[in-house]
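# Topology and contacts: notes
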Amino acid sequence: MKLNKLNILFAVAIILLGGSALEAQDLRSSQPFTQPLSFNPSLMSANDGLRINVGYRSQWMNINDGYTSFHGTALIPALVRPNMKIDAGISYFNDRAGAFQINDVDLALSARLEISTDHFLSLSLMGGYLGSQLATGELIFDDQYQAGSYSSSNPTTEALTDGQNSIADVGFGVLWYYAPEEDKVAAYTGVSGYHFYG
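To keep things clear, this report deals only with the structure shown in the data block. (Residues numbered from 1 in each chain as written. Predicted model: local features only at pLDDT ≥ 70, side-chain atom pairs only at ≥ 80, totals over all residues. Heavy atoms only, no water.)

## Some remarks on the overall build of the chain
Selection rule: Per the convention used, a helix needs a DSSP run of H or I reaching at least four residues, while a strand needs a run of E reaching at least two, with both numbered from the N terminus. Relative accessibility decides the category of a residue: with a 1.4 Å probe and only protein chains considered, values under 20% of the type maximum give buried, values over 50% give exposed, and everything between is partly exposed. The contact rule is simple, with two residues in contact once any of their heavy atoms fall within 4.5 Å. Each accessible area is a Shrake-Rupley estimate made with a 1.4 Å probe; only the visible protein chains count as cover when residues are assessed.
Within the chain, the regular secondary structure consists of three helices and nine strands. For the chain, the α and β elements follow one another from N to C terminus as α-α-α-β-β-β-β-β-β-β-β-β. Counting only residues that meet the buried cut, the chain has 29% of its 198 residues in that class. Across the chain, every contact between residues at least 6 apart in sequence was considered, and the portion connecting residues at least 24 apart equals 56%. Put simply, the chain shows about 13,000 Å² of open surface, and 60% of that area lies on carbon and sulfur atoms.

In structure tokens form, the structure reads like this:
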């Protein structure tokens, strides 16, 4: 009997929560096809023509400059042959949250082989630059509050290091996909890896 009441309660909760507007902003996880190079660089071979994606989001702007994110991706078929295609891609990603910022610029090459009429295998390599910056001058510390008031000129005892870091970035991707010409459901599976150098 308890199980039935629990199931009814669970169903009511799903109905009530499902009726409200839900918004997801996890760009890398929930919207992989808007920025394929950050999900699996081999995905660019699944595209048949020139493709340009641009995205921007901002949230919590009333709290310490909030959180903003910008991305841009361009995918270009470089060589097209009957059973093979080579693509080039470029991707830029910028995340900014308060005093912290990340920039990621990547170039990628991908080769797609046609295994059969509807089956394809894609291999890719990606290289780029990944940089982060912490604007330490914009940070506020408790010991800068003296006699009940804050001043940025008050000294702090916090040990601050150089707020910049940058590395070369290398990644790869492998993708098999099934894409019938009749526009039926396509299937994708693959593996990718990032940050192998730096």
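Now that the structure has been shown, the text picks up again.
## Focus: a nonpolar patch on the surface
Worth spelling out the cut-off: Only residues whose relative accessible area exceeds 30% and that take part in no salt bridge are eligible for patches, with like-charged residues grouped when within 9 Å of each other and nonpolar side chains (Val, Leu, Ile, Met, Phe, Trp, Tyr) grouped when within 5 Å. Any carboxyl oxygen of Asp or Glu that lies within 4 Å of a side-chain nitrogen of Lys or Arg is treated as forming a salt bridge with it.
The grouping of Leu50, Ile52, Val54, Tyr56, Phe70, Ile76, Tyr92, Val105 and Tyr129 at the surface amounts to a nonpolar patch, some 900 Å² of accessible area in total. Top element by residues in the nonpolar patch is strand 1 (residues 51-59). It accounts for three residues. In this structure, isoleucine 52 sits in strand 1.

## Some points on the pattern of salt bridges
Across all of its chains, the model carries two salt bridges by this definition. Across the salt bridge formed by arginine 112 and aspartate 48, the nearest N and O atoms sit 3.7 Å from each other. In this pair, arginine 112 is assigned in strand 4 (residues 100-114) and aspartate 48 in the loop between helix 3 (36-39) and strand 1, connecting sequence segments 64 residues apart. Judged by relative accessible area, which is 62%, aspartate 48 ranks as exposed. Across the salt bridge formed by lysine 85 and aspartate 87, the nearest N and O atoms sit 3.3 Å from each other. We note that lysine 85, like aspartate 87, is buried.

## A word on the packing of aromatic side chains
Filter applied, for reference: Only Phe, Tyr and Trp rings take part, Trp by its six-membered ring, and two of them pair if their centres are within 6.5 Å. Stacked means planes under 30 degrees apart, edge-to-face means over 60, and tilted covers everything else.
With the rule as written, the count across this model stands at four aromatic pairs. A centroid spacing of 5.1 Å and a plane angle of 20° characterise the contact between phenylalanine 120 and tyrosine 177, whose relative ring orientation is stacked. Taken together, the positions of phenylalanine 120 in strand 5 (residues 119-134) and tyrosine 177 in strand 8 (residues 164-178) put the pair 57 residues apart, joining distant regions of the chain. A relative accessible area of 9% places phenylalanine 120 in the buried class. Seen from their ring centres, tyrosine 177 and tyrosine 188 are 5.4 Å apart, and the 20° between their planes marks the pair as stacked. With tyrosine 177 in strand 8 and tyrosine 188 in strand 9 (residues 187-193), this pair connects stretches of sequence that are eleven residues apart. Look at tyrosine 177 and you get buried, because its relative accessible area is 2%. Among the aromatic residues, those joined into a cluster by ring pairs are Phe120, Tyr177 and Tyr188.

## Let's talk about the environment of alanine 179
Note that alanine 179 resides in the loop between strand 8 and strand 9. Note on alanine 179: relative accessible area 23%, which makes it partly exposed. Between the C-alpha atoms of alanine 179 and histidine 119, which are 60 residues apart in sequence, the distance is 6.5 Å. Here alanine 179 is in contact with Asp118, Phe120 and Ala186, once residues within four sequence places are set aside.

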